[in-house]
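Below, each chain spelled out in residue letters.
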Amino acid sequence: MPFKILKKEELVPTIHLMDISAPRIAKKAQPGQFVILRINETGERIPLTIADFDRRKGTITMIFQAVGKTTTQLSSLKAGDELLDFIGPLGNPAHIENFGTVILVGGGVGVAPVFPQARAFKESGNKVISIIGSRSANLLLWEDRMREVSDELYITTDDGTKGHHGFVTDIVKKLLENGTKVDRVVAIGPPVMMRAVAGVTRPFNVKTIVSLNSIMVDGTGMCGACRVLVGNETKFACVDGPEFDAHLVDFTLLMNRLAMYQPEEKLAFEKYKCEREGCTC
Amino acid sequence: MLERQKMPEQDPKIRRANFSEVALGFTAEQAAEEAKRCLQCKKPKCMEGCPVEVKIPSFLKYVADGDFESAIKEIKADNALPAVCGRVCPQETQCEQACILGKKGASVSIGRLERFVADYERNKDVEVPSMPEPTEKKVAVVGSGPAGLTAAADLAKMGHSVTIFEALHEAGGVLTYGIPEFRLPKEIVKAEVEYVKKLGVTILLDSVIGKIDTVDGLLGDFDAVFLGTGAGLPMFLNIDGENLNGVYSANEFLTRVNLMKSYKFPEYDTPVKKGKRVVVVGGGNVAMDSARCALRLGADEVTIVYRRGEEEMPARAEEIEHAKEEGIKFRLLTNPVRIIGDAKNWVTHIECINMYLCEPDESGRCKPMPLSGSEHKIEADVVIIAMKSK
């Protein structure tokens, strides 16, 4: 029962958007949840956060960065192609309610999963302050979409080519220091960024939620590959998360565990490039 | 009369380096000879030992007469998965334990004969029994493991319309993700699944009930729901160091190796850590499977750590025997205390303590007690926790 790709677009260099026809999943999907996909028979199962869904059209939108073998192979597919397996919606939905003022922080490709949450927080009556960042202006994602659902939007780039020259955490810190009343922070991006945001909000005692992207296999709680330490307790990101209280997450362990298969990932990626481009080795 | 036919097996020295099936199965002559050992008891105890009450003496009689086709039909009247059950059922605690012959010598090899006739049929043409009139009733089965497949087949044979919902991308449940190729070839699981499909059962893969639908939701579309969801979350030991890199639950390790075929990495994309020194904690079939997979992935040394003695091990006797033949080391009466790692979060050792068994308690089981001062470290770069699931 393959899943058809209806749309495929490179939004900014290396970051791709894909709409998949998956009516059963689209019917139930909520912000904060993820899918697991497998491209073909020899493929691995990878989790990707749902960036958007359209119940009427029966589609799920994913945004991903081509960094290793599977994501690069995924980025080479076109509209009309099919994925062999597409499973979801997995994990718990984000906790959306009217908290008052919510800061949403999206770093790099993390802007994508932040978007449906920003929209949902806005629809629930919150004041939405969004901070989106990237390494450089040409890598900035979905500025227009985020602006539409935000009361305030801040942009940061590491190299200063757009918005604030620096990190998303600089803005979070400035807002909190200026006495902005903030009831909740949601931060999604690279683990270092999420850890930094947690560090900034901790002294202000503002509840901060992060979405953890640990390595998964089945995604339904059966294997435990995705285990993370939260408040000194082992949790499974797939069924207990993927969202957790950032102030309780052991980010060092998360990063160490994410590095577990680096040599294998490198080998698989090199083999893939060899096969695609003709081997020079 | 008292001795069994010996089933041909791959040589341990060769098989420890491949994933092909260990047991090769009886020849037709051996099968007939073995079946002739059955005493055809008037009150067959073996049937009482079988959870689905396969008519064992009757199928054995057909095998003894060389009528393998009638034999498989007789089994399939009660059991939809004979090629699987013949290989992985714990016969020595079920049908074969109850066999009268076992009192004086060796019981009839009921499991191996079940396997033989199932394989005989598969290598020819699988026959679908005549089906009754449709009942117009619809049943949803959640999970396509042995329970779900069996329930679906039985329901279909009663004339119901059956749909199985499977969370993973392949059907079979533990038969697919858990039990390794060398014990239960996936081609055989696929053939058994095909048989269930031929009975008219629809299998929807990639369908996580609880996510795309709920039991209440299913009851809107179906007349009944059968839950065969399987093991659930893996249990860890709740000791220090279980989140170190290189520490696996058996569920994860086996899923990577069997379902995702990481033993064929990088031809298949899913990696698994191939340890040099692997320690497996536990004494069940899952522990034996994990240890033997680790060995086949190329480990120099694989050690099973179990807190009780060999007598108490829940694994099938044949699996323990096979593991030993292949060179798996057993450290019995040994229990992990903590797992030790390096600065980069990689496991380096597992610290264990020796145990002793006290007098049996009211339940009849000997409780293992730690022998204080006996703590010792075992070097390990992969540790696999093969405990029960919850």
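Here we summarise the structure given alongside this text.

This next bit is on the pattern of salt bridges. Residues and elements named next belong to chain B. As enumerated under the stated definition, the model contains 46 salt bridges over all chains in all. Among the salt bridges present, the one from glutamate 33 reaches lysine 36, with a minimum N-O distance of 3.5 Å. Look at glutamate 33 and you get partly exposed, because its relative accessible area is 41%. Relative accessible area serves as the criterion here: at 47%, lysine 36 is assigned to the partly exposed category.

Our focus in this paragraph is the sheet that holds strand β12 (residues 184-188) of chain A. Residue and element names in this part refer to chain A. Reading across from one edge, β11-β10-β9-β8-β12-β13-β16 is the order of the seven strands in this open sheet, with mixed pairing throughout. The open sheet terminates on both sides in strands that have one partner only, identified here as β11 (164-165) and β16 (243-245). Relative to strand β13 (residues 208-211), β12 runs parallel, the two being bridged by three bridges. Pairing of valine 185 across the sheet is with threonine 208, part of β13. The sheet strands contacting helix α3 (residues 111-123) are β8 (101-107), β9 (127-134), β12 and β16, and the helix crosses β8 at an angle near 165°.

Residue and element names in this part refer to chain B. Side chains of Arg307, Arg365, Lys367 and Lys388 sit close together on the surface and give a patch of like positive charge. Locating arginine 307 in the fold gives a position in the loop between β7 (301-305) and α15 (317-325). Judged by relative accessible area, arginine 307 falls into the partly exposed class, the value being 36%.

Turning next to the interface of chain A and chain B. Listed as interface residues are 46 residues of chain A and, on the opposing side, 41 residues of chain B. Together chain A and chain B conceal approximately 3,700 Å² of surface at their shared face, both sides included; 55% is due to carbon and sulfur atoms. Inspection of the chain A/chain B interface yields two salt bridges. Close ionic contact of lysine 69 of chain A with aspartate 269 of chain B constitutes a salt bridge, the shortest N to O distance being 2.7 Å. Between chain A and chain B we count 18 residue pairs in polar contact (both at pLDDT 80 or more) in total. Secondary-structure elements contributing two or more residues to the side of chain A that touches chain B are α1 (23-28), α2 (69-75), β7 (85-90), β14 (227-230), β15 (233-236), α8 (251-258) and α9 (262-277) of chain A.

Cut-offs applied
- Residues numbered from 1 in each chain as written.
- Chains lettered and ligands numbered in written order.
- Predicted model: local features only at pLDDT ≥ 70, side-chain atom pairs only at ≥ 80, totals over all residues.
- Heavy atoms only, no water.
- Salt bridge = Lys/Arg side-chain N within 4 Å of Asp/Glu carboxyl O.
- Buried < 20%, exposed > 50% of the residue type's maximum accessible area, 1.4 Å probe, protein only.
- Pairing = 2+ DSSP bridges.
- Helix = DSSP H or I, 4+ residues; strand = E, 2+ residues; numbered from the N terminus.
- Contact = heavy atoms within 4.5 Å.
- Axes fitted to C-alpha atoms, helices over the stretch in contact; angles between N-to-C directions.
- Patch = residues over 30% accessible without salt bridge, like charges linked within 9 Å, V, L, I, M, F, W, Y side chains within 5 Å.
- Areas by Shrake-Rupley, 256 points an atom, 1.4 Å probe, with all protein chains shown as cover.
- Lys, Arg positive; Asp, Glu negative; His and termini not counted.
- Charge placed at Lys NZ, Arg CZ, Asp CG, Glu CD.
- Buried area = accessible area lost by both parts, 1.4 Å probe.
- Polar contact = N/O pair within 3.5 Å; in protein donor to acceptor, adjacent residues only side chain to side chain.

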